[in-house]
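Close look at the chain arrangement
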Amino acid sequence: MAKSRLGGLQAVTANDLRSGAVVFMRRDGSWTDDVRLADAAQDPVEVERLIELARSGRNATLVVDPVLIEVAAEATGVAPIRLREKIRAAGPTVTFDS
Amino acid sequence: MYRYDEFDSAFVLERVAEFRDQVARRLNGELTEDQFKPLRLMNGVYLQLHAYMLRVAIPYGVLSSRQLRKLAYIARRYDRDYGHFTTRQNIQFNWIKLAEMPDILAELAEVEMHAIQTSGNCIRNVTADHFAGAAADEVIDPRPYAEILRQWSSLHPEFTFLPRKFKIAVTGSPHDRAAIQVHDIGLEAKRDSAGRVRFAVWVGGGQGRTPMIAKKIRDDLPESELLAYCEAILRVYNLEGRRDNKYKARIKILVHEKGLDDLADDVELEFASIRGKSLDLPAAEIAKIEAYFAPPPFDELPASSAIYDVAVRTDPEFAAFARQNLAPHKINGYSIVTISLKPIGAPPGDATSAQMEAIADIAARYSFDEIRVTHEQNLVLPHVRLDDLPVVYAMLASTGLATPNAGLVTDIIACPGLDYCSLANARSIPVAQRISERFADSSRQSDIGELKIKISGCINACGHHHVGHIGILGVDRKGEEFYQITLGGSADENCAIGEIVGPGFSADQIVDAIEQIVATYLELRDSPRERFIDVYRRVGVKPFQESLYVNA
Ligand code: SF4
C-alpha cells in the first residue's frame, strides 16, 4: 500500500464516481463535499487506516482515486493547504461576471 | 481505392450504446476504475479537478447552426450553461455527470457529432484554417483534404495505439492561420506552375515540454498521393517512435534524433511500397468530397457597400469593430467576421448557451449557416455580406459578443489551468482575466496593435505559450504559482519558439511584468506600424530583459 510521505495532518479526498464532484472522507467512511467536515489524522497508523478505508470494497462504486492530502486544523474545521487542493475544495477561482 | 463512406452514424450510435453499457457496469461495480478509465477516455470523457469533462470533436472547426444549437442545449441541460472552446478547435464541457454522459453522446450523434479521437494515442481531430473557403488570400480550400484525412484517420486500425498522440493541421493559404509548423504533420495545399494541387508537408512540429518547429519533408507532394504519404509517415513513426519514455514519444523527437534526411529516406521507402495502390486518391473521389464544401450561393455584389461605409463613418464603435474583427473575403461584397470570445475580464474561450444560440441564429440568417471555431478560442462567421455587417454587429453587441479586440493584447489564449485541469501547476484563466482588465482601454489596445499573449498552466502547453508573441507558462515553485515569460514566439508561416526572458514572476507581479514589456515595445518601435513581433525580431530579447530586470 502506498505509504503516506506527507507527514503532517492528513485527510482523504476523492471525486464522486457519479458526478465527479470533489469529496472528502469522514472517519466512518462516509463522504462529504464540505472539506471542513473531513476527518483528519496525523498518527501514521491512523492515516493508513483512513486511506485503506477509502480504498476498500464499497468505495469502488462511490468514488474515484482516493488520495491523502495535507490539511490544517482550523477553528472552522479541516482546511486544505496546497493551492490545488484549495481550488478543488472551493471551486474555480475564475470570475464570471465581467 | 480508399472508400469514403458518408459519416457513419450507425457506427457512432453503436459506440454510444456500447458506452452506455460500460457506464452502467462501472456504476454497478462490474468494471473497476482501472478497467473503465481507458474506455471513458476513448469517448472523450476526462476526470478533471471538480468534475468530469467531455471534449467534443469539431472536425476542422466547422459547425452548422444546428450543431451549435445542440452544443448550447447540452451546456444548458447538462452543464452550467456554458461551454469552453479550446485551442484545438474543440469544445469542452466542464461539469458533466458520468451517468448523463451516454445521453449527451446520443444527443451529439443526432447532429453528426461525437467525442471519438479526442483523447488517447491516436490521430486526433484534424484542424484547419478557420477562414477556409472564405479568406481572400486562400489558394486552395483545405477542408476537403482535412475531411479526407479525417475519414482516413478515423479509427484507423493500424494507428489507434501510436507511441503518442498525433496531430495534423491543414492550410491552403500562404499566410498560415492553422499553425501547421507546430503540428506532428502540417500540410500546406498550393498550386504548382501548371496549376495542379501540391502539398508542402511539414513533419515533427510540436509544443509541450520540448517545443520544436516542424521540418519540411516534401514540397511537391501530388494531391493523389496525400494519404499514401501520410500513411508512410505514420507507419515509420509507429515503428520507430519511442515507446519507452512518454516525453520522448512524439514524432518531433524521432525527427530530432534521427535527422530529417534519414527519416525522409525511411518514409520514401515505405511510400514506395504503398503508393499507387489502395490509398491513391483519384480525382473523381476528391471532386466528390469537394462537392460537400462547394461555396455557398454567394450573390454577385459590388466590392464596396454604401450601407457599410455609412456605418463606419457614423458609428465609431462599429468602426472599431470593423477595423479589428473583419478579414477580407475572397468574394466581392462579403466579409469574414471574428466573434471574440474574449470580452474584457472574462475567461477566454467560454460561451454561454444563450450566446451560442444567438450566434447560431445570426449564422443561419447572415452567414449561410456556417460557424467556425478558431484555435485562438474565438468563433467566426465566414461569409457575411458587407451590407449586413451593421445589423450583425448590433446583434452580436446585444449579447456581449462584439468586443473589438481580435488579434490585440486582450485577445488572449489561455488553457483551463489549475482552475479545472488535473495536470496544471498554476492558474491560467485568472491571469488572462487580470491582463485583460489592465489593458481594457480600447484605444490603448489599438495603439499597441497586434500582440498575441498565450498562457499555459503547465509545460504541456495547451495554451500555446511557446508560440505567443508573449508566452506565459505557469510553474509551481515550492507550492506557489510562478510565471515564466517567453518572448518572440509565433505560430504563423514565420514560426518561432519564444525565448525565455529570465526568472519567473509571482502571480502578483506577472501583470506588471507584461505591462512593462508592452511599455518597452512602445518605446522601441519605429512607428505604430511596427508590430511587437517585428520589434522583437529587430532588437532581440536584450532590451526587454534590461527593462524587466536591470531597472527593477
Ligand atoms: S497546459 Fe497543462 S494545465 Fe493547461 S490544459 Fe494543458 S495540461 Fe492542463
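For the structure, see preceding data.
Residues numbered from 1 in each chain as written. Chains lettered and ligands numbered in written order. Predicted model: local features only at pLDDT ≥ 70, side-chain atom pairs only at ≥ 80, totals over all residues. Heavy atoms only, no water.

1. A closer look at the overall build of chain B
Quick note on the threshold: Helix numbering and strand numbering both begin at the N terminus, where a helix is a DSSP run of H or I of at least 4 residues and a strand a DSSP run of E of at least 2. The quantity called the radius of gyration is restricted to C-alpha atoms. Its globule counterpart is 2.2 Å times the number of residues to the power 0.38. Accessibility here uses a 1.4 Å probe with only protein chains present; expressed as a share of the type maximum, an area under 20% marks a residue as buried, one over 50% as exposed, and anything in between as partly exposed. We call two residues in contact when some of their heavy atoms are within 4.5 Å. Shrake-Rupley sampling with a 1.4 Å probe provides the accessible areas, and residues are treated as covered by the protein chains on show and by no other component. In this charge count, Lys and Arg are treated as positive and Asp and Glu as negative; neither His nor the chain ends contribute. Every charge is mapped to an atom, namely NZ of Lys, CZ of Arg, CG of Asp or CD of Glu.
Along chain B, the regular secondary structure elements total 18 helices and 21 strands. Here chain B has a C-alpha radius of gyration of 23 Å; the compact-globule value for 552 residues is 24 Å, and the two agree. With the C-alpha coordinates of chain B rotated into their principal frame, the extents come out at 60 × 60 × 55 Å. For chain B, buried positions account for 61% of its 552 residues. Within chain B, counting contacts between residues at least 6 apart in sequence, those at least 24 apart form 67% of the total. About 20,800 Å² of surface is accessible on chain B, with carbon and sulfur atoms providing 50% of the total. Taking the average place of the 63 positive charges on the side chains of chain B and the average place of its 76 negative ones, the gap between the two points comes to 3 Å.

2. Some thoughts on helix α9 (residues 283-292) of chain B
Residues and elements named next belong to chain B. Heads up, the condition is: To be clear, the arc concerns the directions from the helix axis to the C-beta atoms.
Those residues of α9 that fall on the buried side of the exposure criterion are Glu285, Ile286 and Ile289. The arc that holds every buried residue of α9, seen down its axis, measures 100°, which confines them to one face. Looking at α9, the residues exposed on the side facing more than 90 degrees away from the buried face are Ala283 and Ala284. Packed against the buried residues of α9 are α5 (143-153).

3. As for the interface of chain A and chain B
Size of an interface: often given as the accessible area lost when the parts come together. Spelled out, the test is: Buried area: the accessible surface (1.4 Å probe) lost by two parts on joining, summed over both. Between Lys or Arg on one side and Asp or Glu on the other, a salt bridge is scored when a side-chain nitrogen of the former is within 4 Å of a carboxyl oxygen of the latter. In protein, a polar contact requires one atom able to donate a hydrogen and another able to accept it; more generally it is a pair of N or O atoms within 3.5 Å, and residues adjacent in sequence count only if both atoms are side-chain atoms. All amino acids are sorted into three groups, where Ala, Val, Leu, Ile, Met, Phe, Trp, Tyr, Cys and Pro are nonpolar, Asp, Glu, Lys and Arg are charged, and the leftover types, Gly among them, are polar.
Taken residue by residue, the interface counts 24 residues in chain A and 32 residues in chain B. Summing both partners gives a buried area of about 2,200 Å² for chain A against chain B, and 59% of it is carried by carbon and sulfur. Ranking the residues of chain A by area buried against chain B places Leu17, Arg18 and Arg84 of chain A at the top, with a combined share of 23%. Along the contact surface separating chain A from chain B lie zero salt bridges. Taken together, the links from chain A to chain B amount to eight residue pairs in polar contact (both at pLDDT 80 or more). Taken together, the elements giving at least two residues each to the side of chain A that touches chain B come down to β1 (10-16), β4 (63-74) and α2 (83-90) of chain A. Of all the elements, α2 of chain A adds the most residues to the side of chain A that touches chain B, at four residues. The residue makeup of the side of chain A that touches chain B, split by class, is 11 nonpolar, eight polar and five charged.

4. Let's talk about the side chain of Ser335 of chain B
Residue and element names in this part refer to chain B. Its place among the elements puts Ser335 in strand β12 (residues 334-339). For Ser335, a relative accessible area of 4% translates into the label buried. Reaching out from Ser335, the side chain makes a polar contact with the backbone oxygen of Ala327 at a distance of 3.5 Å. Setting aside anything within four residues of it in sequence, one finds Ser335 in contact with Leu326, Ala327, His329, Leu381, Pro382, His383, Val384, Leu386 and Leu389.

These results come straight from atomic positions and should not be treated as a statement about function.
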